[in-house]
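Observations on the model geometry
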Amino acid sequence: MNHRGTATFALSVLASAMVCAQTAQTAAARTPAEISIQKAQEQIAKQPNHVPYYSGLAMAYARRARETSDVSYYAKAEETLEQSFKIEPDNFEALKVRVWLLLGRHEFAKALEAATALNKRVPDDITVYGYLADANAELGNYADAVKAVQWMLNIRPGNVAGLTRAAYLRELHGDLSGAMDLMHMAYDATPFQEAEDRAWLLTQIAHLQLLSGNLTEAEIYASGALGLFPDYHYALGTLAQVRLAQNRSDEAVTLLEKRYAKAPHAENLFALAEALDRAGRKDDAAKAFAEFEQKSLRESNITDNSNHELIAYYVDYARQPAKALQIATQELARRHDAFTLDAYAWSLAASGDYAQANAEIKKAVAFGVKDPKVLHHAAEIAQHLSQTVAAR
C-alpha cells in the first residue's frame, strides 16, 4: 500500500482507533505501561536477584512517564536501576535504560557519552544506536544521527524504533512525505495492544499532516490518537494546533487547558497563554504568561527546561530582547539543533543584530526544516535586511 496519508486511509485509522478504545475500556482500565509495571513487580517478587526484571521495571516506569508526562516516574526508574546495580554493577541492559533516562531528562551530552561507550562495548545493539541517534539529533549533530539510524535499519530492516527515528530525521530535512511514509510503516508494525505507542504514532502523523497544510487529515489523525488513548497529552496539543490553524481559538484553549491540567509543564502553559491571546482573552493571557515566566525561569538552568518558549515570550510578547538573548546564548552552549539556532537568531534580530541573526538562521534552515515558526523568522530577518540594503 502507498502510505501517502490519503483521507480514506485516515478514516480507516480513526475507525480502528475507536474500536481499540472501546475494547480497551471493556477489557481493563490499565495502560500498557501500568500492565508492564505490575508484571515486572510480580517477577521481581518471585526472583529478586534476577537482574533483567529490574531493567524491565525501570523501562516500564519510563514508558509511564511518556504516557502521563509525569517526570516522577523517571526517579522511580532510577531507583529501580540502583537496585539492579547492587546485584550486578555493570549489567548492560540496566546501563541502556540509564541512557534512556538521561534522554528523558534532556541530558543529551551525557546520554551521547554513555551511549557511545555502550556502542563500543556491543557494536550491534539496535537500541543503543537509537539512543545515539536521539542524542545526536537533539545536539544538532544531524549527520551522526543519520548514520546511527542507518545502522539500525541495516541491522534489522523495518524495525519500528528505526523507522520512527528515520521519519523524524526526514522531517528535520524537509521530506514531510517521506516522513509520513515511515510513520505509517511503523504504525502498521506496532502490536495492537500497544495503545500508547500507536497513539503516539498517530499524533506524529497528525503533526506531519499539519506541517504539510492538510488540516482535515491532521484533525482525523489527532482525533484517532485520542480515540486510542483518551486525553493523551501529546494528541491534545496537536489537535489544539489544528484548531488554531482553523481559527477556532476557543476550542484550542479548551484542549490546551485540558493538556496543562494533565501535564503541568511550563512549555504547555506557554502554549495555553498564546492560545488565550489569540482568542482575545487578554487578561487571562497576561496572567498565564506571568505564571509561565516564573515557572520557566525556575528551570532555565537545568537541562529539562522550557528555554525555547521563554525566548519566544521575551521576544514576541514581553519585548525584552536582552533577556531573550541571555537565555538563548545559555542554551546555545548546550546544543546546536535547528530550533536552538532559530531561537538564538530570533533573539539576535530582536536585539537589532540582523547580520548575525541572518547568519544563524541560515544555519537553522540549511537542514531543510519546514517548521512554520522557523520559516517565519527566516523570512522576517531576510526582509529586514533587504529593506536596510534598499534604504542605503
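Residues numbered from 1 in each chain as written. Predicted model: local features only at pLDDT ≥ 70, side-chain atom pairs only at ≥ 80, totals over all residues. Heavy atoms only, no water.

Moving on, we come to the overall build of the protein chain. Secondary structure assignment for the protein chain yields 21 helices and zero strands. Its C-alpha atoms give the protein chain a radius of gyration of 22 Å, within 12% of the compact-globule value 21 Å for 392 residues. Out of the 392 residues belonging to the protein chain, those deemed buried represent 51%. When contacts within the protein chain are restricted to residue pairs at least 6 apart in sequence, those whose partners lie at least 24 apart make up 56%. Counting every atom, the protein chain has about 18100 Å² of accessible surface; 54% of that belongs to carbon and sulfur. Averaging the coordinates of the 40 positive side-chain charges in the protein chain and doing the same for the 48 negative ones gives two points 1 Å apart. (Helix = DSSP H or I, 4+ residues; strand = E, 2+ residues; numbered from the N terminus. Rg over C-alpha atoms; globule rule 2.2 N^0.38 Å. Buried < 20%, exposed > 50% of the residue type's maximum accessible area, 1.4 Å probe, protein only. Contact = heavy atoms within 4.5 Å. Areas by Shrake-Rupley, 256 points an atom, 1.4 Å probe, with all protein chains shown as cover. Lys, Arg positive; Asp, Glu negative; His and termini not counted. Charge placed at Lys NZ, Arg CZ, Asp CG, Glu CD.)

It is worth spelling out the packing of helix 7 (residues 126–139) against helix 9 (residues 160–172) at this point. Packing of helix 7 against helix 9 leaves a shortest axis separation of 10 Å and a crossing angle of 20 degrees. As the angle between them shows, helix 7 and helix 9 are arranged roughly parallel. The hand of the helix 7/helix 9 crossing is left-handed. Taking contact as the criterion, the partners of G130, Y131, A133, D134, A137 and E138 in helix 7 are, on helix 9, R165, Y168 and L169. A per-class count over the contact of helix 7 with helix 9 returns five nonpolar, one polar and three charged. (Axes fitted to C-alpha atoms, helices over the stretch in contact; angles between N-to-C directions. Parallel < 35°, antiparallel > 145°, perpendicular 65-115°, else oblique. Left-handed = near helix turned anticlockwise from the far one by under 90°. Nonpolar A, V, L, I, M, F, W, Y, C, P; charged D, E, K, R; others polar.)

Attention now goes to the packing of aromatic side chains. Scanning the model with the defined rule gives 13 aromatic pairs in all. For the ring pair F270 and Y317, a centre distance of 6.2 Å and an interplane angle of 80 degrees mean the geometry is edge-to-face. Residue F270 is located in helix 15 (residues 266–278), and its partner Y317 is located in the loop between helix 17 (307–316) and helix 18 (321–332); the two are separated by 47 residues in the primary sequence. On the basis of relative accessibility, which here comes to 3%, the residue F270 falls in the buried class. By relative accessible area, Y317 is classed as partly exposed at 29%. Where F289 meets Y317, the ring centres are 4.4 Å apart and the plane angle is 35 degrees; that geometry is what we call tilted. Highlighted residues: F289 in helix 16 (residues 282–299) and Y317 in the loop between helix 17 and helix 18, separated in sequence by 28 residues. Here F289 falls in the buried class, since its relative accessible area comes to 6%. (Phe/Tyr/Trp six-rings, centres within 6.5 Å; stacked < 30°, edge-to-face > 60°.)

We now examine the pattern of salt bridges. The final tally for this structure, using the stated rule, is 27 salt bridges. Measuring nitrogen to oxygen at the nearest pair gives 3.6 Å for the salt bridge that ties D197 to R63. Placement of D197 in helix 11 (residues 195–211) and of R63 in helix 3 (residues 51–68) is noted, with a sequence separation of 134 residues between them. Among the ionic pairs, R64 bridges to E67, the shortest N-O distance being 2.9 Å. Placement of the pair is R64 and E67 together in helix 3, with a separation of three residues, close to one helical turn. Side by side, R64 and E67 carry an identical accessibility label, which is buried. (Salt bridge = Lys/Arg side-chain N within 4 Å of Asp/Glu carboxyl O.)

In this section: the side chain of E274. With respect to the helices and strands, the residue E274 is situated in helix 15. A residue is classified by how much of its surface remains accessible, and E274, at 17% relative accessible area, is buried. A polar contact of 2.9 Å, which involves the side chain of E274, links it to the side chain of Y317. (Polar contact = N/O pair within 3.5 Å; in protein donor to acceptor, adjacent residues only side chain to side chain.)

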